[in-house]
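Residues per chain, in single letters:
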Amino acid sequence: MSGQFFTWLSVLAFLPGIIALVLEIFVFPGFGVAGVAGIILLAWGVLLLAVDFTQATAALVVALALTIVVFFLGLKFLSRLNFWQRLTLNTRQKKDKGYTAGQEELVQLVHRAGVALTPLRPAGTAEIAGRRLDVVTSGEYIPAW
């Protein structure tokens, strides 16, 4: 077979591999079938472009080792900059300081009938017991009345 065939075959392995990894990151969170397929396709593309199997395997091992080293150095560097503390809320909202989860007087309105003022898809505005409230249905669509 010609070298051009293996070049195109490797491109056809790389592109779906990258697409699978992007889908795994943004559409299917976690580490599942798309992530494994993406890794396999990318490795296969590298193997197809390599001169021999040992060279490709060595390149993949070096790339994996460098990725792990850069990851841990990045974690160490970001921890020195207090990067994670800037992204998270350090204070707690305690009940004794006046923080509550919701309005307790609305508990008696749960499961009561009302009139949908806006379409509920499943959230919207309804009037229940003479009060205009933001509500959420159990998931079904309810048109405005």
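Use the structure listed above.
Residues numbered from 1 in each chain as written. Predicted model: local features only at pLDDT ≥ 70, side-chain atom pairs only at ≥ 80, totals over all residues. Heavy atoms only, no water.

**Thoughts on the environment of Leu60**
So the rule is basically this: For helices the rule is a DSSP run of H or I covering at least 4 residues; for strands it is a run of E covering at least 2, with both sets numbered from the N terminus onward. Contacts are residue-level and defined by heavy atoms, with any inter-residue pair within 4.5 Å sufficient.
Note on placement: Leu60 falls in helix H3 (residues 53–80). Sequence-distant contacts of Leu60, that is, excluding residues within four places in its chain, are made with Ala43 and Val46.

**Considering helix H2 (residues 33–49)**
Residues three or four positions apart in an α-helix share a direction because the helix packs 3.6 residues into each turn. The condition is simple: Take the residue count of a helix, subtract one, and multiply by 1.5 Å to get its expected span. Relative accessibility under 20% of the residue-type maximum defines a buried residue, over 50% an exposed one, and the middle range a partly exposed one, all with a 1.4 Å probe and only protein chains included. To be clear, the arc concerns the directions from the helix axis to the C-beta atoms.
Look at H2: 24 Å from first C-alpha to last across 17 residues, which is about the 24 Å you get at 1.5 Å a residue. Every buried residue belonging to H2 is among Ala34, Gly35, Gly38, Gly45 and Leu48, and all of these are buried. Taken down its axis, H2 places every buried residue within 155 degrees of arc, on the same side. Opposite its buried face, H2 presents the exposed residues Val33 and Ile40, each directed more than 90 degrees away.

**Here we look at the nonpolar core**
Heads up, the rule is: Only buried Ala, Val, Leu, Ile, Met, Phe, Trp, Tyr and Cys residues count toward a nonpolar core, and they belong to the same one when joined by side-chain atoms within 4.5 Å.
Counting seven residues, the largest nonpolar core consists of Leu109, Ala116, Leu120, Ala126, Ile128, Leu133 and Val135. When residues of this core are traced back to their parent elements, those giving at least two are strand S2 (123–128) and strand S3 (131–136).

**Re the side chain of Glu24**
By the element assignment, Glu24 lies in helix H1 (residues 3–26). Setting aside its immediate chain neighbours within four residues, Glu24 contacts Pro29, Gly30, Phe31, Gly32, Val33, Ala34 and Gly35.

**Description of the packing of aromatic side chains**
Inclusion rule: Whether two aromatic rings pair depends on their centres lying within 6.5 Å, for rings of Phe, Tyr and Trp, where Trp uses its six-membered ring; planes under 30 degrees apart make the pair stacked, over 60 edge-to-face, and the rest tilted.
Counted under the stated rule, the structure contains one aromatic pair. For the pair Phe71 and Phe72, a centre-to-centre distance of 5.4 Å together with 70 degrees between the ring planes defines the contact as edge-to-face.

**Comments concerning unusual backbone geometry**
For the bond from Arg121 to Pro122, the omega torsion is -5 degrees, close enough to zero to count as cis. Positive phi values are uncommon outside glycine, yet His111 reaches one of about 70 degrees. Given a relative accessible area of 84%, His111 falls into the exposed group. Positive phi, normally seen in glycine, also occurs at Ala129, with a value near 55 degrees. Its place among the elements puts Ala129 in the loop between S2 and S3.

**With respect to the sheet that holds strand S1 (residues 115–116)**
The cut-off we apply is this: Strands pair, by our definition, only if DSSP identifies at least two bridges between them.
In spatial order, the strands read S1-S2-S3; together these three strands make up an open sheet with antiparallel pairing. The sheet is open, and its two borders are formed by S1 and S3, each paired with just one other strand.

**Side note on the pairing of S2**
Looking at chain direction, S1 and S2 are connected through two bridges and run antiparallel. Among the inter-strand pairings, Val115 is bridged to a residue of S2, identified as Glu127. Remark: six residues form the turn of the hairpin made by S1 and S2, two consecutive strands paired antiparallel. For S2 and S3, the ladder comprises six bridges, and the chain directions are antiparallel. Its bridge partner lying in S3, Glu127 is registered against Arg132.

Shape descriptors only; they carry no functional weight alone.
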